[in-house]
Amino acid sequence: MKEALLSIIKDENRIITDQIDPQYLSDNLGRKKGTAEAVVFPVSTEEVSGVMHYAWENNLPVTPRGAGTNLVGSTVPSGHGIVLDVSLMNHVLELDEETFTATVEPGVVLEDFQAYVESKGLFYPPDPGEKKATIGGNISTNAGGMRAVKYGVTRDYVMGLELVLADGTVVKAGSKNRKDTSGLDLKEIVIGSEGTLAVITKCILKLIPKPEDSLSVLLSFDSLKAGIESVRQIIQANLNPTAMEFIERKVIQLGEDYLKMSFPEPEASAYVLTTLDGSKNEINAHLESLRKTAKKSGALSVLPLEDKEEAARVWKIRGMLVKGVEAVSEQEPMDIVVPINQIDAFVNFVNSFEKECGMRMISFGHAGDGNVHLCVVRGDRDDETWEKELDVNLTVLYDKAYALGGLASGEHGIGLSKQKYLLKASKPENIALMKRVKAAFDEKNILNAGISYNV
């Protein structure tokens, strides 16, 4: 295999066949580990095409990956195949300010790309929590993030993709055109497909002008129910917030303890942390409307975080909640999504179920789009007890989410970790149709076999 790969990637430093680092055989959590015969680091579409053609001719499984920040096992390889790491394909190829687009390679890191376009007075809104993820990985899971309530998710900013199919064929889907009804939109099928359909080698991304300013505002409440109710009223008032995060006081405590920092309004039971952006006049007008709307819906306080250091501290505590949990114990991350009017019902169910089952559960998330992030905490359980109780409890949680009209994942993907729960809740005809789409792209089933729907 190494000789064959060297004929394609003519640099032995970009091919690993011996003593493969375990990080390339897992995801960010490192719990599920796979096997592979080689890891390759292509730097061009031609090299990706050559590797895929070789794999196709020899029926070798291929697992695409970028920064490896996935949390559900979507980058865990199976069998005797190849891990295709595109992290060296990390260049911004073009910034077209006339069409408000950027063309990038899949290994470009999100935070680097955002900083680059903002330095040019432009804005790439998708903002998932893991800023060191790659653009290709974001597209593969249709990553969301805190700004989705106003700006949408990754899908809304992908205009075109260059793709290498399982047999090595290179195709282009989409373009710089803002409108397109010319046949099936192939790029939309690939977005969120978790590497099961094709390897992304170039991405045309939509940009918008950078907002003039932004202001974070902390709303405090005596209950989560009141906080969630305010979210609906704020959206209905057409205040167009950039972000709306719900957090209970007991959860904030974890972030405070981890960072040794304090959060404002400690007497509250729950918070909604929101951001307004736009022109300064627009922000001021919306702030006054936000104050009135929040007070009418029962807010204890409305605190504009005008001090940049205070705003940074508040967002840092919010951003470190998972780290705060992991500093205490191993945890299973969930990103269930429910209709926005069911957030309170789901979180209250979680709190009641936590007491019933005895397993600690920490919930917070994106109030504006119903994405509930949930840390299910291991505590001092041994391996056997943890695995048994976790499966039972996850089944209950996913069943409740589906009963409320929700879904298993809002932005992390399905991978291996959620596969069982997706298949249980999905209609067989839907899964069968997904597999037929998969077969049209990859009839030998060599790309990410066994991941997500592709069981």
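Everything that follows concerns the structure shown earlier in this document.
Below is a summary of the structure that appears in this document. Just so you know, these numbers come straight off a predicted model, no measurement behind them.

It is worth spelling out the side chain of S216 at this point. If you trace the backbone, S216 turns up in strand β12 (residues 213-221). There is a polar contact of 2.7 Å between the side chain of S216 and the side chain of W315. Other than its neighbours up to four places away in sequence, S216 contacts T274, T275, L303, P304, L305 and W315.

Attention shifts here to the nonpolar core. Counting 76 residues, the largest nonpolar core has F113 and I135 as its most contacted members. At six residues, the largest contribution of residues to this core is made by helix α13 (residues 383-403). In contact with F113, not counting residues within four places along its chain, are V92, A102, V104, V108, Y124, I135, L205 and L207.

This paragraph deals with the pattern of salt bridges. The tally for this structure, following the rule as stated, stands at 30 salt bridges. Notably, a salt bridge pairs E245 with R318, separated by 2.7 Å at the nearest N-O pair. With E245 in strand β13 (residues 243-248) and R318 in helix α10 (residues 308-319), the pair connects residues that are 73 residues apart, well separated along the chain. Counted as one network, the salt bridges with shared partners bring together R31, E330, E332, R378 and D383.

Turning to helix α8 (residues 249-259), its buried residues are R249, V251, I252, L254, G255, E256 and L259. Against the buried residues of α8 lie β13, β14 (270-278), α10, α11 (321-326) and β17 (361-366). Directly after α8, the chain includes K260, whose backbone phi takes a positive value near 60°.

Ordered in space as β1-β2-β4-β3, the four strands form an open sheet in which the pairing is mixed. Each end of this open sheet is capped by a strand with a single partner; those strands are β1 (15-16) and β3 (62-65). Relative to strand β4 (residues 82-85), strand β2 (residues 38-40) is paired through three bridges, and the arrangement is parallel. Residue pairing across strands places V40 opposite L84, the latter belonging to β4. Packed on one face of the sheet, helix α2 (residues 45-57) meets β2, β3 and β4 and runs near 165° to β4.

A few words on unusual backbone geometry. With phi around 55°, E194 is a residue other than glycine that occupies positive phi space. Tracing the backbone through its elements, the reader meets E194 in the loop between α6 (186-190) and β10 (199-206). A relative accessible area of 6% places E194 in the buried class. One non-glycine residue with positive phi stands out, namely N448, at about 45°. Within the fold, N448 resides in the segment after α15 (428-441).

Glancing now at the state of the cysteines. This structure, assessed with the given rule, holds zero disulfides. Lacking any disulfide linkage, C357 is separated from the closest cysteine sulfur, that of C375, by 15 Å.

Criteria and cut-off values
Residues numbered from 1 in each chain as written. Predicted model: local features only at pLDDT ≥ 70, side-chain atom pairs only at ≥ 80, totals over all residues. Heavy atoms only, no water. Helix = DSSP H or I, 4+ residues; strand = E, 2+ residues; numbered from the N terminus. Polar contact = N/O pair within 3.5 Å; in protein donor to acceptor, adjacent residues only side chain to side chain. Contact = heavy atoms within 4.5 Å. Core = buried A, V, L, I, M, F, W, Y, C linked by side-chain atoms within 4.5 Å. Buried < 20%, exposed > 50% of the residue type's maximum accessible area, 1.4 Å probe, protein only. Salt bridge = Lys/Arg side-chain N within 4 Å of Asp/Glu carboxyl O. Pairing = 2+ DSSP bridges. Axes fitted to C-alpha atoms, helices over the stretch in contact; angles between N-to-C directions. Disulfide = S-S within 2.5 Å.

The values are spatial; any link to function lies outside them.
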